[in-house]
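Here's the letter readout for the chains.
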Amino acid sequence: KPGEQKHSKELSSLQCMHLAVVACGDRLEETLIMLKSAVLFSNRRLCFHIFAEDSLKPEFEKKLKEWPSSYTKKFEYNIYPITFSVGNAQEWKKLFKPCAAQRLFLPVILKDVDSLLYVDTDVLFLRPIDDMWHILKEFNSTQLAAMAPEHEIPKIGWYSRFARHPYYGTTGVNSGVMLMNLTRIRNTQFKNSLIPSGLTWEEMLYPLYQKYKNYITWGDQDLLNIIFYFNPECLYVFPCQWNYRPDHCMYGSNCKGAEEEGVSILHGNRGVYHDDKQPTFKALYEVIRDFPFEDNLFQSLYYPLQSKFLDTVHTLCGRIPQVFLKQIEKTMKKVYENRVIVYLGANHRY
């Protein structure tokens, strides 16, 4: 296998929920906080596929080993080198952000994985990955990937205003959270603008990039939009609360699903975890980062979060704290019930 085994147990496609991330440059901490949020709330076993520059591998290994055993037993992981199976590797590396194009090659590299959730490093899970994993069962016979719209409102969406290439639907889709049936992707012949007959996923990537490289702004995300423009029947579109970004609140609240159910997956793009432009996003990131693994979730995570949110009410995103807090509160109650009430009940019976 191309990856190096970094855990004692083998990865099992049947037992695991597979999560992939690509980390280059200064994204070590962000990636670890994302993985931490996944482990904190998920129920089923997780298999992490971490694609990283060689210099980051020992750091990942060191940090993950420092986590308490009560959490490390919930996941397994592989660390892989950055590799591109077709085309010019240096071109792919420079496409948009460093190494981001790696996500396009996951179906080719992870040949033994049936289904996978890919996320950017700047993602935080506010509910169990299990709930996202269930969306795979909602795919019809032609759907092989799932993403959220890039925007809810065409008149302020980026693609609908500025794109110079084909894109999916009326506002395009965002690739920061992408659920994939890799088996279907590997077995599909995709319609395209290159030749009249279909091409496999791997055959299509580099020629498609060559054709549109002078017209794309957002790199691999634009290529995915082009692919699904020509193959719309292959895409399942999930609602915005599964990929909630600053765009959903910085121009006024425009994600109805998050207003009703709360944010399920937070995507802090634009670097908002590390500056003061969107303090609500930064607050969530810092609270999860600073949470001691085995402390009480309400005392050491939820209450500090509420306190931090009081300082953000002057911002557009801060005016709707319930959108950010609703789902994570619900999730923590379930975690508490599973760990404390069920455990005590089981002991009481005996």
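The shown structure was predicted, so the numbers you read here are calculated from the model rather than taken from an experiment. (Residues numbered from 1 in each chain as written. Predicted model: local features only at pLDDT ≥ 70, side-chain atom pairs only at ≥ 80, totals over all residues. Heavy atoms only, no water.)

Asks: Give me the lowdown on the domain arrangement of the chain, citing residues and values where you can.
Replies: The domain architecture assigned to the chain consists of domain 1 (17-238) and domain 2 (241-345). Inter-centroid distance (C-alpha atoms) of domain 1 to domain 2 is 23 Å. Every contact between the two is made by 35 residues of domain 1 and, on the other side, 36 residues of domain 2. Between domain 1 and domain 2, a total of about 3,200 Å² is buried, with carbon and sulfur atoms accounting for 63% of that surface. Counting the surface domain 1 buries against domain 2, the share from its top three residues, L124, L126 and R127, is 24%. Counting across the domain 1 and domain 2 interface gives 1 salt bridge. (Domains from an automatic or database assignment. Contact = heavy atoms within 4.5 Å. Buried area = accessible area lost by both parts, 1.4 Å probe. Salt bridge = Lys/Arg side-chain N within 4 Å of Asp/Glu carboxyl O.)

Asks: Kindly report on the state of the cysteines, identifying the contributing residues and their values.
Replies: Taken as a whole and judged by the stated rule, the model has 4 disulfides. Note on cysteine connectivity: C240 is disulfide-linked to C255, with sulfurs 2.0 Å apart. Handedness here is read from the sign of the S-S torsion; for C240 and C255, about 100°, the answer is right-handed. Separated by 15 residues along the polypeptide, C240 in the loop between strand 9 (235-237) and helix 11 (256-261) and C255 in the loop between strand 9 and helix 11 bring together distant segments of the chain. (Disulfide = S-S within 2.5 Å. Helix = DSSP H or I, 4+ residues; strand = E, 2+ residues; numbered from the N terminus.)

Asks: Lay out the nonpolar core in plain terms, naming residues and giving numbers.
Replies: L19, F48, L117, F125, Y244, L266 and F324 are the most contacted members of the largest nonpolar core, which has 76 residues in total. Residues lining this core come from more than one domain, with at least three contributed by each of domain 1 (17-238) and domain 2 (241-345). Ignoring sequence-local partners within four residues, the contact set of F48 consists of L19, L35, A38, V39, F75, E76, Y77 and N78. (Core = buried A, V, L, I, M, F, W, Y, C linked by side-chain atoms within 4.5 Å. Buried < 20%, exposed > 50% of the residue type's maximum accessible area, 1.4 Å probe, protein only.)

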